[in-house]
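Listed here are the chains, written in short residue letters.
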Number of protein chains: 2
Amino acid sequence: MAVTRAEVARAAGVSPALVSYVLNDGPRPVSADARARVLRAIETLGYRPNRVARALRQSRTNSIAMLMPDHQNPHFAELAQAVEDEAFAADYVLMIGTTANDPERERSYLRSFLDRQVDGLLLISVGGRPDLDLITGASIPVVLLDRAPAGSDGFSTVVIDNARAAELAVQHLLGHGRRSLVCLSGPPHIEAVRQREQGWRRALSAAGCAASPPRNVTFSRDGGYRAVQELLAEGVPVDGIFTTSDAQGIGALRALAEAGRRVPEDVAVVSFDGTEAGRYAQPVLTSVAQDVGTLARTAIATLRAQIEAGQTAPVHEVLVPALRIGASCGCHAGS
Amino acid sequence: MAVTRAEVARAAGVSPALVSYVLNDGPRPVSADARARVLRAIETLGYRPNRVARALRQSRTNSIAMLMPDHQNPHFAELAQAVEDEAFAADYVLMIGTTANDPERERSYLRSFLDRQVDGLLLISVGGRPDLDLITGASIPVVLLDRAPAGSDGFSTVVIDNARAAELAVQHLLGHGRRSLVCLSGPPHIEAVRQREQGWRRALSAAGCAASPPRNVTFSRDGGYRAVQELLAEGVPVDGIFTTSDAQGIGALRALAEAGRRVPEDVAVVSFDGTEAGRYAQPVLTSVAQDVGTLARTAIATLRAQIEAGQTAPVHEVLVPALRIGASCGCHAGS
DNA sequence: CCACCTCCCGCAACCGGCTCCGCTGATCGT
DNA sequence: ACGATCAGCGGAGCCGGTTGCGGGAGGTGG
């Protein structure tokens, strides 16, 4: 069994309370002599306070939970890293649950995290009301990250301007003279997906082009790969592809390469996220970048304001997208 | 404030103890009538047991912690996903700490996890004794994953046969007639890195080739990229590269492409990990695959045996590497 | 010499659940 | 009819901390 506060107290010849006073620079002052004895006892016994007991007493676990779709997608991996770095710096521990876009699993994790009394929740939701009901009941600090489901006005959100970002990407393709465009979109029930599709349509109609309906696939490499394979098999004319994730973009590149289509000469590709993985693709993906550092920093700061300062008014932060030029769009070629 | 057991008891007209009995199919039997009343009260009040309180009483948190280098590396991302899936299935929650190969950060996380009374620890260590001392003192179930630092005999390990895996990869390059080989290795203080270098040397000396010293860089894409850039700038003759991670392989591919070297015609590349990211590289990376599914399954099973069944004897599991053929080695070309 | 103040410190009540143990009333056997 | 047995339930201690409250020792001023 681990050494407890009581044993430290005994070793130092003081009461358990005093040990707490020393440890927390307690509510009460402690004499230099007693403090020294306690510190020495802590040192020799190797005492470490039990955070579970402390959490029970203080109703504060110093932990936050994050729900995200998966680890495989480079964008989410980068986001997880950025969030964890911020959490670590703020002395919070991060519990991660992946949902695999499964509402059942999301609910299960949500309940588990709430039961574990996490101080705050970072949610990249698969979307849908029922989950929000769960957190409303728990009245726990929440920040909706990366996506803001419909009906989430009551919660803080930190997102990129999805419609504008998509518009930027499509405008860029149009600027390269591409007219036979295809959009690889994400799971259709996600609000952010609909916003990106809206940006896609807006850019096309502004240019007087007909918008083919987006193809809804998963955000994964495999999703992009298969979608482009089908596209080509169907004989759809295409000289430009907008994918709503870098993972899809990487998958699309592979499918195009296998089909012997040159990028960007035959088909230009612009994707979404601006991940490092995209910068190492062949050719380098041109992508609307999400600043995951700012995303994470803002999200954690917002959460901390709610947890530590008791702020209750929801904050809505919208980040401005920036197009990161690579080689997949044709900027570096003659076109 | 949340609903507590006492309130449920009051609402059901029973004692708090009864509520526990019902919830846990308690140590004592409960009459059907009382059980029904309790369940109804739980339902109407929306009661959820506080896991922190439960954890304090039971000295059991149903959580495990995993320390890994980072989220960016596709191999670790896949490993994290596999581990989390296993943990979720076993009703454990996973806390992830990334070390960025920083011993200080690793120690900090380690202490935090121990203080939080996690039931078990999954450790992809940056290596070095001091950390092992920390866990030895805590006498907590540990599985050393992916890497087994020197002096870790007392702990359970689940690793791939690193030397054999490297040997496989290098033999394959040699089999393609490549003789000017270069090895991009990892941080030199990691035991697994030394084992892979040993496999590299073994394969070369068995073939009667001189082994150039491995180049120690980080496991990242950037590490592979920069190493190959320097390599080429130095004018080192090279017709084959063995990278000790897929991330490095992806970086190497980019550097080679930028330098106008064709893969596999001019330079063959074989990497390590067998990630999905590698299968989407251009060309597809040939790689010695680590079965992350089995890795994760074995690790969690071992941990659970220690936690739930009190097993104490350390287990040493060594997985057999398998070469996954892609296009970067030349198998699909004429060579 | 007494009243009073300061400085330290220990006692004990929590936080919310788990579970040992003892008590009650009913059932059963003879 | 009466003691033994047993199902069903509640009281209370405990897990390991935090913290309000009160009290003792020593010093100061009147």
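Parameters at a glance
Residues numbered from 1 in each chain as written. Chains lettered and ligands numbered in written order. Predicted model: local features only at pLDDT ≥ 70, side-chain atom pairs only at ≥ 80, totals over all residues. Helix = DSSP H or I, 4+ residues; strand = E, 2+ residues; numbered from the N terminus. Rg over C-alpha atoms; globule rule 2.2 N^0.38 Å. Buried ≥ 20, exposed ≤ 12 C-beta atoms within 10 Å, placed from the backbone. Contact = placed C-beta atoms within 7 Å. Near = placed C-beta within 6 Å. Nonpolar A, V, L, I, M, F, W, Y, C, P; charged D, E, K, R; others polar. Pairing = 2+ DSSP bridges. Axes fitted to C-alpha atoms, helices over the stretch in contact; angles between N-to-C directions. Domains from an automatic or database assignment. Left-handed = near helix turned anticlockwise from the far one by under 90°. Right-handed = clockwise from strand over helix to strand, strands pointing away. Least-squares fit on C-alpha atoms with pLDDT ≥ 70 in both. UniProt positions renumbered as here; feature names shortened; annotations may be inferred. Expected span 1.5 Å × (residues − 1). Arc of directions from axis to C-beta. Core = buried A, V, L, I, M, F, W, Y, C linked by C-beta atoms within 7 Å. Parallel < 35°, antiparallel > 145°, perpendicular 65-115°, else oblique.

Per an unreviewed UniProt entry, chain A goes by the name LacI family transcriptional regulator and belongs to Desertihabitans brevis.

**Quick notes on the overall build of chain A**
The helix and strand inventory of chain A stands at 13 helices and 12 strands. By the compact-globule yardstick of 20 Å for 335 residues, chain A is too spread out, its C-alpha radius of gyration being 25 Å. Here the C-alpha coordinates of chain A stretch approximately 85 × 35 × 30 Å along the principal axes. The buried share of chain A, taken over its 335 residues, is 52%. Considering only contacts within chain A whose residues lie at least 6 apart along the sequence, 71% involve residues at least 24 apart.

**Looking at the protein's contact with DNA strand C**
Around DNA strand C sit 31 residues, and of these A:S15, A:A34, B:R5, B:A17 and B:S20 come closest. Elements represented by at least two residues in the surface near DNA strand C include exactly α2 (16–23), α3 (32–45) and α4 (51–58) of chain A together with α2 (16–23) and α4 (51–58) of chain B. Residue classes in the surface near DNA strand C are distributed as 16 nonpolar, eight polar and seven charged.

**Description of the sheet that holds strand β12 (residues 322–324) of chain A**
Residue and element names in this part refer to chain A. Reading across from one edge, β7-β6-β8-β9-β10-β12 is the order of the six strands in this open sheet, with mixed pairing throughout. One side of each edge strand has no neighbouring strand; the edge strands of this open sheet are β7 (215–216) and β12. Sheet topology note: the strand β6 (residues 181–185)/β7 ladder contains two bridges and is parallel. The residue of β7 that forms the bridge with S185 is N216. Sheet strands touched by helix α9 (residues 191–206): β6 and β8 (240–243). Its angle to β6, the strand with the most contacts, is close to 170°.

**Thoughts on the domain arrangement of chain A**
When the parts come together, some accessible area is lost, and that loss is often what is quoted as the size of the interface. All names here are of chain A. Segmenting chain A into domains produces domain 1 (5–49), domain 2 (63–160 + 292–320) and domain 3 (162–290). When each unit is reduced to the centre of its C-alpha atoms, the spacing between domain 2 and domain 3 is 27 Å. In this complex, domain 2 contributes 16 residues to the contact, which on the side of domain 3 involves 17 residues. Counting residues per element, the side of domain 2 that touches domain 3 draws most heavily on helix α5 (residues 74–89), which supplies three residues. Here the residues of the side of domain 2 that touches domain 3 are counted per class, giving nine nonpolar, five polar and two charged.

**Looking at unusual backbone geometry**
Of the consecutive residues A:Q282 and A:P283, the connecting peptide bond is found in the cis state with omega at -10°. A cis amide bond links B:V263 to the next residue, B:P264, at an omega of 10°. Here B:P264 shows up in the loop between α11 (246–258) and β9 (268–273). Phi is positive for B:D273, close to 130°, though the residue is something other than glycine. By secondary structure assignment, the location of B:D273 is in strand β9. Look at B:D273 and you get buried, because 30 C-beta atoms sit within 10 Å.

**Focus: the packing of helix α8 (residues 162–175) of chain B against helix α9 (residues 191–206) of chain B**
Residue and element names in this part refer to chain B. One way to put it is that α8 packs onto α9 with a least axis distance of 7 Å and a crossing angle of 40°. When the axes of α8 and α9 are compared, the crossing they make is right-handed. Contacts between α8 and α9 involve N162, A163, R164, A165, A166, E167, V170, Q171 and L174 from the first element and A192, Q195, R196, Q198, G199, W200, R202, A203 and L204 from the second. Here the contact of α8 with α9 is built from residues that sort into nine nonpolar, five polar and four charged.

**Details of the interface of chain B and chain A**
With 39 residues of chain B in contact, the opposing surface of chain A contributes 38 residues. Of all the secondary structure elements, the ones that give two or more residues to the side of chain B that touches chain A are α4, α5 (74–89), β2 (93–98), α6 (103–115), α11 and α12 (276–279) of chain B. Its residues assigned to classes, the side of chain B that touches chain A comprises 17 nonpolar, 12 polar and 10 charged.

**Let's talk about the protein's contact with DNA strand D**
Near DNA strand D, the surroundings consist of 32 residues, among which A:R5, A:A17, A:S20, A:A53 and B:S15 are the closest. If you list the elements that add at least two residues to the surface near DNA strand D, you get α2 and α4 of chain A together with α2, α3 (32–45) and α4 of chain B.

**What about the pairing of β8(A)?**
Residue and element names in this part refer to chain A. Judged by which residues are buried, β8 turns out to be covered on both faces: G240 and F242 on one side and I241 and T243 on the other are all buried. Alignment of β6 against β8, held across four bridges, turns out to be parallel. Within β8, the position partnered with L181 by the bridge is G240. Pairing of β8 with strand β9 (residues 268–273) involves three bridges; the strand directions are parallel. Bridged to G240 within β9 is A268. In this fold, the crossover linking β8 to β9 by way of helix α11 (residues 246–258) has right-handed handedness.

**Considerations on the sheet that holds strand β10 (residues 286–289) of chain B**
Residues and elements named next belong to chain B. Read from one edge of the open sheet, six strands run β7-β6-β8-β9-β10-β12, paired in mixed fashion. Of all the strands in the sheet, just β7 (215–216) and β12 (322–324) have a single pairing partner and so form its edges. One ladder, built from three bridges, connects β10 with β12; its direction is antiparallel. Residue pairing for β12: V288 is matched across the bridge by L323. The strands that α11 touches are β6 (181–185), β8 (240–243), β9 and β10; relative to β9, the one it contacts most, it runs at about 155°.

**Digging into the relation of the copies chain B and chain A**
What relates the pair of chain copies is a rotation about an axis plus a shift along that axis. Of the transformation placing chain B onto chain A, the axial shift is 0.0 Å and the rotation is 180°, giving an RMSD of 0.1 Å. Those values place the two copies in the arrangement expected of a two-fold rotation axis. Taking C-alpha positions as the reference, the residue of chain B nearest the rotation axis is B:M95, at 2.2 Å. Taken together, the interface assignments show that 97% of the residues at the interface of chain B recur at the interface of chain A, consistent with an identical surface on both copies.

**Some points on the UniProt feature "domain: HTH lacI-type" (unreviewed entry) in chain A**
Feature annotation in UniProt assigns "domain: HTH lacI-type" (unreviewed entry) to the following positions: residues 3–58 of chain A. The straight-line gap between the two end C-alpha atoms of residues 3–58 of chain A is 21 Å; of that span, 68% is helix and 0% is strand.

**Quick word on the environment of A:V52**
Along the chain, the position of A:V52 falls in helix α4. For the pair A:V52 and A:G154, spaced 102 residues apart in sequence, the C-alpha to C-alpha distance is 31 Å. Setting aside residues no more than four positions away along its own chain, A:V52 makes contact with B:V52, B:A55, B:L56, B:T61, B:R116 and B:Q117.

**Remarks on α6(B)**
Residues and elements named next belong to chain B. Over its 13 residues, α6 runs 18 Å from end to end, which matches the ideal 18 Å to within 8%, given 1.5 Å per residue. Along α6, the positions that sit buried rather than exposed are E106, Y109, L110, S112 and F113. What you see down the axis of α6 is that its buried residues fit within an arc of 165°, all on one side. Immediately downstream of α6, the backbone of Q117 shows phi near 60°, a positive value.

**Some details on the nonpolar core**
Counting residues in each nonpolar core, the largest one holds 166 residues, and the members touching the most others are A:V83, A:L94, B:V83 and B:L94. Beyond its immediate stretch of four places on either side in the chain, A:L94 contacts A:I64, A:M66, A:V83, A:E84, A:A87, B:M95 and B:I96.

**Quick notes on the packing of α2(B) against α3(B)**
All names here are of chain B. Where α2 meets α3, the closest approach of the two axes is 10 Å, and the angle between their N-to-C directions is 90°. As summarised for this structure, α2 and α3 are arranged roughly perpendicular, according to the angle between their axes. Counting all contacts with α2, which are made through L18, V19 and V22, the residues of α3 involved are A34, R35, V38 and L39. Its residues assigned to classes, the contact of α2 with α3 shows six nonpolar, no polar and one charged.

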